[in-house]
Amino acid sequence: MENFTLNNNVTMPALGLGVFQMTGEQVRAAVPVALDAGYRLLDTASRYYNEEDLGAAIAESSVAREDLFITTKLWFKDHGYEATRTAFRVSLDKLGLDYLDLWLVHQPFNDYYGSWRAMEELVDAGLVRAIGVSNFYPDRYYDLVCHNRVVPAVNQLRLNPYDQRRDTREISARYGTVLQAWSPLGQGGAVLKDPVLVSIAREHGKSVPQVILRWLVQTGVSVVVKSVHEDRLRENIDIFDFALTHAQIDAINALDRRETGNGGPDHRDPAMLDLLRTFE
Ligand code: NDP
């Protein structure tokens, strides 16, 4: 497993398991397989409603706590200084942990400035090793950077060959924030059948998911990927024994569709907030 060094010198595995849309039962089944396959970064969120199951799987594992990297996320209905302090305790208790490795502001809505101040204090108190954001576009990211003490260590956002987020990559690099891709495989959609990716995969004797995950890590993007199947869990982490050529990276870079308006969901669209507000 390769690692990224965050802007506060914390080491984070390059690739992790995401447990979005997993039932509690699936989390308890997938995590032991993932740990056996070599995953050490496990990514959940309060909004995934499976922090307790992840905590149970961690408690049952023989992997030492300090060798794990546990991420969870703050839901925007818990934003604000006091609400964030309460939400932190709730997540920590559900996970059965006494500290978090990474805590992310899940969505760029509501009073995330108040939340950020509470999160900075939790870092100072040694209860969270690193804090970051998720789904922050360059404008909101830059404003947060300019008006706070701690620069986000990570910005987790949708990033795959069809949705490459070049503008966010550029500004994040300037301030030392590591980008982390969610839905790297486009949730198993059309990108997995892309002819350019199919051809590159053949050249390496690898699968398309492996080529995508390799492209992300090789271009400096951390990744969280989800599967409930043992063969795919093992396949998705088996990306550290080959390297893409410059020409192959250029060919994948040319697949971006965001700049043509076909990249994917947009957190700047008010309809996105309307949708998320309907969630509990
Ligand atoms: P992914 O791109 O990881 O795709 C997951 C889907 O692809 C599942 O349907 C899975 O099916 C399938 N899949 C996994 N591996 C393979 C493979 N090797 N070959 C073919 N199909 C495969 O999407 P996610 O949206 O789940 O994103 C990953 C993680 O990112 C989440 O679990 C979560 O932790 C995080 N995330 C964060 C968000 C945020 O707002 N911060 C939003 C969304 C996700 P199966 O399980 O049946 O194998």
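Structural data are supplied above this passage.
The rules behind these values
- Position numbers for residues start from 1 in each chain and track the written sequence from start to end.
- At least 70 in pLDDT is required for a residue's local features to be given in this predicted model, at least 80 for side-chain atom pairs to be given and counted, and no such filter applies to totals for whole chains, interfaces and linings, which use all residues.
- Hydrogen atoms and water are omitted, and side-chain values are computed over all heavy atoms in the structure.
- Here's how the labels work: a residue is buried when its accessible area is under 20% of the maximum for its type, exposed when over 50%, partly exposed in between, all with a 1.4 Å probe on protein chains only.
- Only DSSP runs of H or I with at least four residues qualify as helices, and only runs of E with at least two residues qualify as strands; both kinds are numbered from the N terminus onward.
- A strand pair is defined by DSSP finding two or more bridges across the two strands.
- Here a crossover is taken to be right-handed if, once the strands point away from the viewer, the path from the first strand over the helix to the second is traced clockwise.
- In this analysis the probe radius is 1.4 Å and the grid spacing 1 Å, with only protein atoms considered; a cavity is a set of points the probe fits into but cannot get out of, a pocket is an open set with protein on both sides within 12 Å along at least five of seven lines, and lining residues have an atom within 4 Å of a point.
- Grid points are joined across faces, edges and corners, and a volume is the space filled by probe spheres set on the points.
- As a working rule, the residues Ala, Val, Leu, Ile, Met, Phe, Trp, Tyr, Cys and Pro are called nonpolar, Asp, Glu, Lys and Arg charged, and the rest polar, with Gly in that last group.
- Here the axes come from fitting lines to C-alpha atoms, over the contacting stretch only for helices, and the angles between their N-to-C directions go from 0 to 180 degrees.
- We call two directions roughly parallel when the angle between them is under 35 degrees, roughly antiparallel when it is over 145, roughly perpendicular when it lies between 65 and 115, and oblique otherwise.
- The sense of a crossing depends on the near helix, which, turned anticlockwise from the far helix by less than a right angle, makes the crossing left-handed and, turned clockwise, makes it right-handed.
- The contact definition used throughout considers only heavy atoms, calling two residues in contact when any of these lie within 4.5 Å.
- Proximity is defined per residue: any heavy atom of the residue falling within 4 Å of a molecule or strand makes that residue near it.
- Whenever a nitrogen or oxygen atom comes within 3.5 Å of another N or O atom, the pair is scored as a polar contact, on the condition that within protein one atom can donate a hydrogen and the other can accept it, and that pairs from neighbouring residues in sequence are kept only if both atoms are in side chains.
- Note that accessible areas follow from Shrake-Rupley with a 1.4 Å probe, and for residues the cover is restricted to the protein chains shown.
- When a carboxyl oxygen of Asp or Glu is within 4 Å of a side-chain nitrogen of Lys or Arg, the pair counts as a salt bridge.

Regarding the pairing of strand β8 (residues 154–158)
- In terms of residue burial, β8 counts as a mostly covered element, since 5 of its 5 residues are buried.
- Pairing geometry for strand β7 (residues 128–134) and β8, over 2 bridges, is parallel. Opposite V133, over in β8, you have N155 as the bridge partner.
- The parallel pair β7 and β8 is bridged by helix α5 (residues 138–146), and the resulting crossover is right-handed.
- Of the strand pairs in this sheet, β8 and strand β9 (residues 178–182) are connected by 5 bridges, and their pairing is parallel. Its bridge partner being in β9, V154 is matched across the sheet by V178.

Focus on empty space enclosed by the protein
- A complete count under the given rule lists 1 cavity of 30 Å³ or more for this structure.
- Looking at the largest cavity, the residues that line it are N135, Y137, R158, R165, W182, P265 and H267.
- When the residues that make up the lining of the largest cavity are grouped by side-chain class, the tally is 3 nonpolar, 2 polar and 2 charged.

Examining the packing of helix α7 (residues 195–204) against helix α10 (residues 246–253)
- Between α7 and α10, the least distance of the axes is 10 Å, while the angle of their chain directions is 160°. In terms of their interaxial angle, α7 and α10 are classed as roughly antiparallel. Pair α7 / α10 crosses with left-handed handedness. Counted together, V196, L197, I200, E203 and H204 of α7 and Q248, A251 and I252 of α10 form the full contact between these two elements.
- Residues belonging to the contact of α7 with α10 are distributed by class as follows: 5 nonpolar, 2 polar and 1 charged.

Description of the side chain of S183
- Looking at the secondary structure, you find S183 in the loop between β9 and α7.
- Accessibility expressed as a relative area gives 12% for S183, which makes it buried.
- Beyond its immediate stretch of four places on either side in the chain, S183 contacts R158, L159 and N160.

Examining the site of the ligand
- Contacts to the ligand come from 28 residues, most closely from D43, S183, Q187, S227 and R232.
- For the ligand, an oxygen atom lies 2.7 Å from a polar atom in the side chain of D43.
- Contacts to the ligand include V228, whose backbone N or O atom sits 3.0 Å from an oxygen atom.
- Summarising the interface, the protein chains cover 89% of the accessible area of the ligand, which totals 900 Å² for the free molecule.

A look at the layout of surface pockets
- Counted as a void, the largest pocket has a volume near 890 Å³.
- Around the largest pocket, the lining comprises 37 residues; the ones closest to its centre are F20, Q21, W182, S183 and Q187.
- Counting only elements with at least two residues in the lining of the largest pocket, the list comes to β8, β10 (222–225), α9 (230–237) and α11 (270–277).
- Tallied by class, the residues present in the lining of the largest pocket amount to 17 nonpolar, 14 polar and 6 charged.

Observations concerning the pattern of salt bridges
- Scanning the entire structure with this criterion turns up 15 salt bridges.
- R28 is paired through a salt bridge with D53; the nearest N and O atoms lie 3.0 Å apart. Of this pair, R28 sits in helix α1 (residues 24–37) while D53 sits in helix α2 (residues 51–60), and the two are 25 residues apart along the sequence.
- D256 is the partner of R166 in a salt bridge, and the nearest nitrogen-oxygen pair spans 3.5 Å. Of this pair, R166 sits in helix α6 (residues 166–175) while D256 sits in the loop between α10 and α11, and the two are 90 residues apart along the sequence.
- Using a relative accessible area of 14% as the deciding quantity, one classes D256 as buried.

The values reported here are purely geometric and, on their own, carry no functional implication.
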